[in-house]
Amino acid sequence: RRVLFRSEVNIMPQKDITQFETILNKFYDRIEKDEDFFDYYNVNLTEAVEIAAKRSINYLCEALDELSCLSNIDVDFSDYDENLQVINTRLHPKEIRLIVELMFLIYMKRDETLLHAMEINFTPSDLNVFSPANERTSYRNFIAQLEHDIEIKIDDYKNRDRKTNALKQTIDYSSYNG
């Protein structure tokens, strides 16, 4: 079964929704240098693109589900339709960027599980020969930095008005006369 994008079905745009395609295209731009994302064994180019599209939709839904668990936000990220490939809210560019960054983190963390599986399947001496600890540590540090950056972006997003970008709450220091 082939995944169809909205532009292929020729549906008129609606103003109170965001198409998955909008976010997926930004995600593809984010990972454009990663040849492995579109590289699959024993499949032709069309099948590879279909597999990549399905994976991307899964990452998108996973990111939306994670964002929907947050408190103190103005958008219901759980209000999406995977079959119609729409989010039932018009997202702002900063929200799309946040989703794309979360999708990228989810994608990159998939490889972290491979590192763990490799550590289980190989003896310490095998790992010293085939996979230097520095590379594993560097990758884990990279993931930790991505997670940290996302946490900061989410905190910033939660504390700002989504339309004006103004802080939701400010402290009136003049009331603290000391």
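Residues numbered from 1 in each chain as written. Predicted model: local features only at pLDDT ≥ 70, side-chain atom pairs only at ≥ 80, totals over all residues. Heavy atoms only, no water.

## Thoughts on the packing of aromatic side chains
In step 1: Counted under the stated rule, the structure contains seven aromatic pairs.
In step 2: Taking 6.3 Å as the distance between ring centres and 50° as the angle between the ring planes, the aromatic pair formed by Phe-27 and Tyr-28 counts as tilted.
In step 3: For Tyr-28, a relative accessible area of 17% translates into the label buried.
In step 4: When the centroid spacing of 6.1 Å and the interplanar angle of 70° are considered together, the rings of Phe-27 and Tyr-59 count as edge-to-face. Here Phe-27, found in helix α2 (residues 20-30), pairs with Tyr-59, found in helix α3 (residues 45-68); they are 32 residues apart in sequence, far enough to count as distant.
In step 5: Overall, the relative accessible area of 0% leaves Phe-27 in the buried class.
In step 6: Looking at Tyr-59, the relative accessible area reads 4%, which means it is buried. (Phe/Tyr/Trp six-rings, centres within 6.5 Å; stacked < 30°, edge-to-face > 60°. Buried < 20%, exposed > 50% of the residue type's maximum accessible area, 1.4 Å probe, protein only. Helix = DSSP H or I, 4+ residues; strand = E, 2+ residues; numbered from the N terminus.)

## Points about α3
In step 1: Taking 1.5 Å of rise per residue, the 24 residues of α3 would be expected to cover 34 Å, and the 34 Å separating its terminal C-alpha atoms lies within 8% of that figure.
In step 2: By the burial criterion, the buried members of α3 are Ala-48, Ala-52, Ala-53, Ser-56, Ile-57, Tyr-59, Leu-60, Cys-61, Ala-63, Leu-64 and Leu-67.
In step 3: The N-cap residue of α3 is Asn-44: its side-chain oxygen and the backbone nitrogen of Thr-46 are 3.1 Å apart. (Expected span 1.5 Å × (residues − 1). Polar contact = N/O pair within 3.5 Å; in protein donor to acceptor, adjacent residues only side chain to side chain.)

## Describing a nonpolar patch on the surface
In step 1: Taken together, the side chains of Ile-171, Tyr-173 and Tyr-176 present a nonpolar region at the surface, about 420 Å² in accessible area.
In step 2: Position of Tyr-176 relative to the elements: it lies in the segment after α6 (133-158). (Patch = residues over 30% accessible without salt bridge, like charges linked within 9 Å, V, L, I, M, F, W, Y side chains within 5 Å. Areas by Shrake-Rupley, 256 points an atom, 1.4 Å probe, with all protein chains shown as cover. Salt bridge = Lys/Arg side-chain N within 4 Å of Asp/Glu carboxyl O.)

## With respect to the pattern of salt bridges
In step 1: This model, assessed by the stated rule, comprises six salt bridges.
In step 2: The partner of Glu-62 in a salt bridge is Arg-110, and the shortest N-O contact between them spans 2.8 Å. Taken together, the positions of Glu-62 in helix α3 and Arg-110 in helix α4 (residues 93-121) put the pair 48 residues apart, joining distant regions of the chain.
In step 3: On the accessibility criterion, Arg-110 (36% relative accessible area) is partly exposed.
In step 4: Across the salt bridge formed by Arg-160 and Asp-156, the nearest N and O atoms sit 2.9 Å from each other.
In step 5: What makes Asp-156 partly exposed here is its relative accessible area of 38%.

## Points about the packing of α2 against α3
In step 1: Put simply, α2 and α3 touch, their axes get as near as 10 Å, and they point 105° apart. Considering their axes alone, α2 and α3 lie roughly perpendicular with respect to each other. Between α2 and α3, the contacting residues are Phe-20, Ile-23, Leu-24, Phe-27 and Tyr-28 on the first element and Ala-52, Ala-53, Ser-56, Ile-57, Tyr-59, Leu-60, Cys-61 and Leu-64 on the second.
In step 2: Classifying every residue of the contact of α2 with α3 gives 12 nonpolar, one polar and no charged. (Axes fitted to C-alpha atoms, helices over the stretch in contact; angles between N-to-C directions. Parallel < 35°, antiparallel > 145°, perpendicular 65-115°, else oblique. Contact = heavy atoms within 4.5 Å. Nonpolar A, V, L, I, M, F, W, Y, C, P; charged D, E, K, R; others polar.)

## Some remarks on the sheet that holds strand β3 (residues 86-87)
In step 1: The sheet built from three strands is open, its strands ordered β1-β3-β2 with antiparallel pairing. Strands at the two margins of the open sheet, each flanked by one partner only, are β1 (18-19) and β2 (80-81).
In step 2: Pairing between β2 and β3: two bridges, direction antiparallel. For Tyr-80, the partnering residue across the bridge sits in β3 and is Ile-87. (Pairing = 2+ DSSP bridges.)

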